[in-house]
Amino acid sequence: MNASQHLRRKYWSYVFGWVICIYSTLYIVRPVCEFLKENIPFDLVTHALTIAVLVVLSVLSYNGIRAKGVLTHALFALTILAYVYGLAKIPNPEEKIHFIEYGLLAYLTYKAISLDVKGGRSYLCAFLLTAVFGWIDEGIQHL
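One structure accompanies this document, and this report is about it. (Residues numbered from 1 in each chain as written. Predicted model: local features only at pLDDT ≥ 70, side-chain atom pairs only at ≥ 80, totals over all residues. Heavy atoms only, no water.)

**Re the side chain of serine 122**
You can see serine 122 is positioned in helix 6 (residues 120–142). For serine 122, the side chain forms a polar contact with the main-chain oxygen of glycine 119, separated by 2.6 Å. When sequence neighbours within four positions are dropped, the list of residues in contact with serine 122 reads Tyr110, Ile113, Ser114 and Val117. (Helix = DSSP H or I, 4+ residues; strand = E, 2+ residues; numbered from the N terminus. Polar contact = N/O pair within 3.5 Å; in protein donor to acceptor, adjacent residues only side chain to side chain. Contact = heavy atoms within 4.5 Å.)

Encoded structure:
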């Protein structure tokens, strides 16, 4: 196996590992959140953790795009602003966690796809595949 195949396998294993983690915890998340709401200041903890994750992911992502062009920086800034806006508008703490977990999935999916698809198409493909994973998640929850 050459280096690019190894990298491809590694990134896709991250994607599918994270998807399995999301799907396998669907039925325990609600009871865990209810327990936490009763025993800790859940909203405050969720807000603090969400902000911490957003800051860490922003720093890590920015380090990866430092040498890219103006359009990439503009898209990065727009993405961060969309996250901040979305997180500020989402009233339910559980949904904020959902927002972050799918943001991480989109990033992992982008990393895997960008090995084979270049340019703006890699962002679009990552977005669409992440949306499919989200729709499957919603379908599982509906059942």
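**Here we look at the environment of leucine 26**
With respect to the helices and strands, the residue leucine 26 is situated in helix 2 (residues 26–39). For leucine 26, a relative accessible area of 18% puts it in the buried group. C-alpha separation for the pair leucine 26 and isoleucine 140, spaced 114 residues apart in sequence, amounts to 8.4 Å. Ignoring anything within four residues of it in the chain, the contact list for leucine 26 reads Asp137, Ile140 and Gln141. (Buried < 20%, exposed > 50% of the residue type's maximum accessible area, 1.4 Å probe, protein only.)

**Description of the environment of threonine 130**
As for its position among the elements, threonine 130 is in helix 6. By relative accessible area, which is 9% here, threonine 130 ends up buried. In this structure the C-alpha to C-alpha distance between threonine 130 and leucine 104, which are 26 residues apart in sequence, comes to 9.8 Å. Excluding anything up to four places from it in sequence, threonine 130 contacts Tyr102, Leu105, Ala106 and Thr109.

**Re the packing of helix 1 (residues 3–24) against helix 6**
Direction vectors running N to C along helix 1 and helix 6 enclose 25 degrees, while the axes themselves pass 11 Å from each other. Classified by the angle between their axes, helix 1 and helix 6 sit roughly parallel to one another. Note on packing geometry: the crossing formed by helix 1 with helix 6 is right-handed. Only Leu129, Phe133, Ile136, Asp137 and Ile140 of helix 6 make contact with helix 1, whose side of the interface consists of Trp12, Val15, Phe16, Val19, Ile22 and Tyr23. (Axes fitted to C-alpha atoms, helices over the stretch in contact; angles between N-to-C directions. Parallel < 35°, antiparallel > 145°, perpendicular 65-115°, else oblique. Left-handed = near helix turned anticlockwise from the far one by under 90°.)

**Observations regarding a nonpolar patch on the surface**
Residues Leu71, Leu75, Leu78 and Tyr123 make up a contiguous nonpolar surface patch of roughly 410 Å² in combined accessible area. It is helix 4 (residues 70–89) that contributes the most residues to the nonpolar patch, 3 residues altogether. Checked against the element boundaries, leucine 75 lands in helix 4. (Patch = residues over 30% accessible without salt bridge, like charges linked within 9 Å, V, L, I, M, F, W, Y side chains within 5 Å. Areas by Shrake-Rupley, 256 points an atom, 1.4 Å probe, with all protein chains shown as cover. Salt bridge = Lys/Arg side-chain N within 4 Å of Asp/Glu carboxyl O.)

**Digging into the pattern of salt bridges**
When charged atoms on two side chains of opposite charge get close, those side chains can pair. Applying the stated rule across the entire model yields 2 salt bridges. Between arginine 8 and aspartate 116 there is a salt bridge, and its shortest N-O distance comes to 2.7 Å. Taken together, the residues span a long stretch of sequence, with arginine 8 in helix 1 and aspartate 116 in the loop between helix 5 (93–113) and helix 6 at a distance of 108 residues. Across the pair glutamate 34 and lysine 37 runs a salt bridge whose closest N-O atoms are separated by 3.7 Å. Of this pair, glutamate 34 and lysine 37 are both found in helix 2, 3 residues apart, which corresponds to roughly one turn of the helix. Relative accessible area serves as the criterion here: at 34%, glutamate 34 is assigned to the partly exposed category.

**A short note on the packing of aromatic side chains**
What the rule picks out here adds up to 4 aromatic pairs. Seen from their ring centres, phenylalanine 16 and phenylalanine 133 are 6.0 Å apart, and the 90 degrees between their planes marks the pair as edge-to-face. One end of the pair, phenylalanine 16, is in helix 1; the other, phenylalanine 133, is in helix 6, and 117 residues separate them in sequence. Accessibility expressed as a relative area gives 41% for phenylalanine 16, which makes it partly exposed. Between tyrosine 110 and tyrosine 123, the ring centres sit 4.8 Å apart and the planes meet at 5 degrees, which makes this aromatic pair stacked. (Phe/Tyr/Trp six-rings, centres within 6.5 Å; stacked < 30°, edge-to-face > 60°.)

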